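The lines below spell out each chain.
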There are 2 protein chains.
Amino acid sequence: MVVALRLPSLTSIFLSPSTSFSRRSSALFQRHPRLRHFSGISAQSTTEKEVSQETEQRVASQKPRVQERVITARSEDFNAWYLDVIANAELADYGPVRGTMVIRPYGYAIWEAIQDYLNVKFKETGHSNMYFPQFIPYSFIEKEASHVEGFSPELALVTIGGGKELEEKLVVRPTSETIVNHMFTQWIHSYRDLPLMVNQWANVTRWEMRTKPFVRTLEFLWQEGHTAHATAEEAEKEALQMIDVYTKFAYEQAAIPVIPGRKSKVETFAGACRTYTIEAMMGDRKALQAGTSHNLGQNFSRAFGTQVFSHTDENGQRQHVWQTSWAISTRFIGGIIMTHGDDAGLMLPPNIAPIQVVIIPIWKKTEEKAGVLDATSSVKEVLSTAGIRVKSDDSDQRTPGWKFNFWEMKGVPLRIEIGPRDVSSGSVVISRRDVPGKQGKVFGISMEPSILVAYVKDKLDEIQSSLLGRAISYRDSNIVDVSSYDELKVAISQGKWARGPWSASDEEELRVKEETGATIRCFPFEQPQGTKTCLMTGNPADEVAIFAKSY
Amino acid sequence: MVVALRLPSLTSIFLSPSTSFSRRSSALFQRHPRLRHFSGISAQSTTEKEVSQETEQRVASQKPRVQERVITARSEDFNAWYLDVIANAELADYGPVRGTMVIRPYGYAIWEAIQDYLNVKFKETGHSNMYFPQFIPYSFIEKEASHVEGFSPELALVTIGGGKELEEKLVVRPTSETIVNHMFTQWIHSYRDLPLMVNQWANVTRWEMRTKPFVRTLEFLWQEGHTAHATAEEAEKEALQMIDVYTKFAYEQAAIPVIPGRKSKVETFAGACRTYTIEAMMGDRKALQAGTSHNLGQNFSRAFGTQVFSHTDENGQRQHVWQTSWAISTRFIGGIIMTHGDDAGLMLPPNIAPIQVVIIPIWKKTEEKAGVLDATSSVKEVLSTAGIRVKSDDSDQRTPGWKFNFWEMKGVPLRIEIGPRDVSSGSVVISRRDVPGKQGKVFGISMEPSILVAYVKDKLDEIQSSLLGRAISYRDSNIVDVSSYDELKVAISQGKWARGPWSASDEEELRVKEETGATIRCFPFEQPQGTKTCLMTGNPADEVAIFAKSY
């Protein structure tokens, strides 16, 4: 079923949210193919792209008032739904170069919410922000053996600068460990210079062939933390601390019940000793690696000669520093969309929603308008003063029904309706985005500031926990404990995650991937008690691993 | 005279600030040549650079405890002083690629203060943040004739991606007007889509040959605002509004008394109809263009076909939108250094200082230590709770005298000293960075929270205005009103700014540049009354222009 959302239609459809969708032919969603072919593998040339965009633009320009937008049902086609939500909620758009993405204001505001939270946590845990150049001499990438192997197929290279061919090609940063170590080597001499703990918010470039908005793009935004420590223990503690910061962020802010754990050797970051990860289950039950923290050991400090005089032996030995790096990117926004969204569109957890409450004034007769708009602006002022992110949609151009659908599609957690009767009774109607129809709608909430603010804050908290609770249930009902490879195969073929004891070889891990499409997402920190035998070999196993198909 | 600041020396130099500097041979500052050759024109290869850095590193590693750092006197050699301040205050460092810069935490914190202020102002004036990809198809740059002429010599080009030669070269964004218009064309159809007002915080790349940290680097950070409007009047109003935001920021936050005005045609941005600028006078009296706002007219909308159905004539004519763009970059940090710094190093205006107050505990006997440190941490807590950015330097490694010099060099506006006698009397000693020696030092300020907080806030405000006042006097005493070309030449040869009536041709403007090295910085908004005759031609002139040498 394809669910239609007629956005700029001027026909007066004042429908309740539960009946606001009409069926329509699936042909219609073909009118927005732009985000669809984003995920294609073909290296579409700019010229082809421009032509197709010009065509679209002409179509749009000929009927600027009757554009229609459509969101495919999530259950029908998860990928099409995802792209429709991104397009219609105006989260992102194509850039002109294949695989690049423009992050539009509403999508960027989610990123700003992520930044605001993490920046505070990073500073509380002793990190400072700074900025490293994005151009890295090609020779740097080659210094750490597994790093070059992992990254060289994905590099964008600058070969011409100021009209001249460069002597050495420059890599557009795919990650910064090499240039960071080049600088650390100049700043770190004594153990007193340690720990050195920095972070940068930056763009990075990886020449990916299969791209998908937010999830995997040629250029993306992220933060990358880089630290250097005097001992292996400190580095390990730091790597674990930062995956914990990410885990808390995911649970408390994004309402995503990620599973934190350790990557298998096969899945470890190119250049790391150990990679910790948070793995999230999307609405289609595929896993999304939503953040990683690497214990780099001495791999980069050896490659770049980052050394200190030993703590204990000042005059003699020098030793290489122990390092970590950790990152969360705009991919996380894709995770939020795919965790909480539904057929009606985006659903945002209140803590990171750019707009937490939208107010829709409703009037029929002209003489009602002034009173309703007055009440709207005073309610808005009250909520805004209380620190709630609130917007009122006062435009004359759209019907209330259109606005209901539009702001639901944009995922705003709470809607307040104010009509003439509400004005007379000094109350408002409040609807929850996460509870559709009448069940989510409460009439007669007093406009009295202290009552209204308390009610709204309470509901926002309730929605925040409810989204998390729902995601936890969904996750847990889709993880199957398996004790044999056959059981694993069944679970994966049903689209679920398989959790089972694992102590087999890298080759066997790769065989699972080849045969089932699933990879080890992590060895979760939370491990069942008792003795375990490897699901593949029957040998003793120390840990269970989680297998899943992933983005 | 070369002023020495012995930083990690362990000799106990417990000196008062006014006597803390010792003379030293000028040979010594040659030990920190790294930032010096940053400004060279030679395209130093990475390999040469690495060798020189390795040499330095070896030198440093051999005596990690006796590194000495030196700040050249500002009056002696302004450029050397500037580079010394940047190195010693740890604001920035070289990147491995010629002309690139690493912005270190203390320098980045100034950038964050700039971002925090401007972000609020941009949002208050109706702009949303978003993000455009940094890779721009080469063909885009060629679409606007004067734009390509202005930028093509400075481009960095990606020609290889994912191991393959690209069909079309990609430009690493030097500015985003072209890609912005490519997207605007897809989003703007009706005048209802206008105004469209966005901003992005991003890195940009310009292949400059003469570089200088912060002031001109191969890659830099900035914000770029981009707006589209229905009418020429609205665009003009927006361009003026944003130069006004920048002007207020410069005066109120950075304490830099910039002169806002209009650029001459010769100096107008490549692709703009009119460029507004804020021009700042540095400590060596050279001008720094510290921010610009462009009225782009319809230049880019014509090149990219960004059109709307006309406001008045819905069914017929389409018209091109009217646009602006405006930017402030990390160059501004260079402006702050060069406006306020003195022989002792950096001097930061309190409103943008990452650390507004540094507390130095002072003790001689071990039995005094605990009491002094207790008082230090409670004073720190009190100030921090009051929203003051405060740091205490409790380390055992350095003497108080060393710390005084260090934090003065870092430009911290206020220093609080707490010794055993202060603890007994419940008071502290407070010194101003901007008033050296005894005049800036006040004894016996009560530790009582309400008194102390009020005193500190008051002093910070006083320093903020004092820095601005001083910069205004300096600026005004170095601008000369001229009425002839001869007078202009004299003023410029004395290193001053020349202000005089101008209505001559572009050719004559270029001749002034060739003969004096000075350019028209702007036609200031503030114009003298009365009739004027052009200083060059004797013809009637509508406006005075300001001529100066510039960065």
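What counts, and at which threshold
Residues numbered from 1 in each chain as written. Chains lettered and ligands numbered in written order. Predicted model: local features only at pLDDT ≥ 70, side-chain atom pairs only at ≥ 80, totals over all residues. Heavy atoms only, no water. Helix = DSSP H or I, 4+ residues; strand = E, 2+ residues; numbered from the N terminus. Buried < 20%, exposed > 50% of the residue type's maximum accessible area, 1.4 Å probe, protein only. Contact = heavy atoms within 4.5 Å. Arc of directions from axis to C-beta. Polar contact = N/O pair within 3.5 Å; in protein donor to acceptor, adjacent residues only side chain to side chain. Buried area = accessible area lost by both parts, 1.4 Å probe. Salt bridge = Lys/Arg side-chain N within 4 Å of Asp/Glu carboxyl O. Nonpolar A, V, L, I, M, F, W, Y, C, P; charged D, E, K, R; others polar. Axes fitted to C-alpha atoms, helices over the stretch in contact; angles between N-to-C directions. Left-handed = near helix turned anticlockwise from the far one by under 90°. Least-squares fit on C-alpha atoms with pLDDT ≥ 70 in both. Expected span 1.5 Å × (residues − 1). Pairing = 2+ DSSP bridges.

## Here's the deal with the overall build of chain A
What chain A contains, in helices and strands, is 15 helices and 28 strands. Looking at chain A residue by residue over its 551 residues, the buried ones come to 60%. Counting only contacts in chain A whose residues sit at least 6 apart along the sequence, the fraction spanning at least 24 positions is 71%.

## Quick notes on helix α14 (residues 485–493) of chain A
Residue and element names in this part refer to chain A. Of all the residues in α14, the buried ones are Y485, L488, A491 and I492. End-on, the buried residues of α14 take up no more than an arc of 120 degrees, which puts them together on one face. Residues D486 and S493 are exposed on α14 and point more than 90 degrees away from its buried face. In this structure, the buried side of α14 is in contact with β23 (479–481), β24 (497–501), α15 (506–516) and β28 (544–548). After α14 finishes, the residue G495 shows a positive phi value of roughly 85 degrees.

## Observations regarding the side chain of A:T306
Here A:T306 is to be found in the loop between α8 (299–304) and β15 (307–309). A polar contact of 2.9 Å, which involves the side chain of A:T306, links it to the side chain of A:N181.

## A few points about the interface of chain B and chain A
With 73 residues of chain B at the contact, the number on the chain A side is 72 residues. Across the chain B/chain A interface, buried area totals approximately 6000 Å², and carbon plus sulfur atoms make up 59% of it. In this assembly, chain B and chain A are joined by two salt bridges. Salt-bridge contacts for B:E112 lead to A:K123; the nearest nitrogen and oxygen are separated by 3.2 Å. Here chain B and chain A share 25 residue pairs in polar contact (both at pLDDT 80 or more) between them. Considering only residue class, the side of chain B that touches chain A consists of 34 nonpolar, 23 polar and 16 charged.

## Remarks on the packing of helix α10 (residues 366–385) of chain B against helix α13 (residues 449–476) of chain B
Residue and element names in this part refer to chain B. Following both chains from N to C, one finds α10 and α13 inclined at 65 degrees, their axes separated by 10 Å at the closest point. Taken as a pair, α10 and α13 cross one another with a handedness that is right-handed. Between α10 and α13, the residues in contact are V379, V382 and L383 and P449, L452, V453 and V456, respectively. Here the contact of α10 with α13 is built from residues that sort into seven nonpolar, no polar and no charged.

## Digging into the relation of the copies chain B and chain A
The transformation that overlays chain B on chain A combines an axial shift of 0.0 Å with a rotation of 180 degrees, and the residual RMSD is 0.0 Å. Look at the turn and shift together and you get a two-fold axis relating the two. Ranked by how close their C-alpha atoms come to the rotation axis, the residues of chain B are headed by B:V158, at 2.1 Å. An overlap of 99% is found between the interface residues of chain B and their copies at the interface of chain A, pointing to a shared contact surface.

## A word on helix α3 (residues 105–124) of chain A
Here α3(A) contains 20 residues, and its C-alpha end-to-end distance of 28 Å stays within 8% of the 28 Å for a straight helix at 1.5 Å per residue. Among the residues trailing α3(A), A:G126 stands out with phi positive, at a value near 90 degrees.

## Remarks on the sheet that holds strand β25 (residues 519–524) of chain A
Backbone-to-backbone hydrogen bonds join strands into a sheet, with any given pair of strands oriented parallel or antiparallel. Residue and element names in this part refer to chain A. With mixed pairing, eleven strands are arranged side by side in an open sheet as β6-β10-β11-β17-β14-β13-β12-β25-β28-β24-β23. On the outer flanks of this sheet lie β6 (128–129) and β23, each paired with one strand and no other. Pairing between strand β10 (residues 196–205) and strand β11 (residues 219–229): ten bridges, direction antiparallel. Pairing of T205 across the sheet is with E219, part of β11. α14 contacts β23, β24 and β28 of the sheet and is inclined by roughly 160 degrees relative to β24.

## Looking at the pairing of β25(A)
Residue and element names in this part refer to chain A. Across the six residues that make up β25, a large majority, six, are buried. Pairing geometry for strand β12 (residues 259–262) and β25, over two bridges, is antiparallel. For R262, the partnering residue across the bridge sits in β25 and is F523. As defined by bridge partners, β25 adjoins β28 across three bridges and the pair is classed as antiparallel. Across the sheet, residue C522 finds its bridge partner in β28, namely I546.

## Remarks on the sheet that holds strand β21 (residues 427–432) of chain A
Residues and elements named next belong to chain A. Read across the sheet, five strands follow the order β19-β18-β20-β21-β22 without closing on themselves; strand pairing throughout is mixed. The open sheet has two edge strands with one neighbour each: β19 (390–392) and β22 (441–446). Along the sheet, successive strands turn relative to each other by an average axial angle of 25 degrees, direction set aside. Sheet strands in contact with helix α10 (residues 366–385) are β18 (357–361), β19, β20 (414–418) and β21, and its direction is about 170 degrees off that of β18. Those strands touched by helix α13 (residues 449–476) are β18, β20, β21 and β22, and its axis lies near 5 degrees from that of β21.

## Here's the deal with the environment of B:F214
All names here are of chain B. Of note, F214 is situated in the loop between β10 (196–205) and β11 (219–229). Its relative accessible area of 1% is what places F214 among the buried residues. Residues F214 and S329, spaced 115 residues apart in sequence, show a C-alpha to C-alpha distance of 8.6 Å. Apart from residues no more than four positions distant in its own chain, F214 is found in contact with Y82, I86, L91, A92, M101, I103, T330, R331, I333, G334 and I337.

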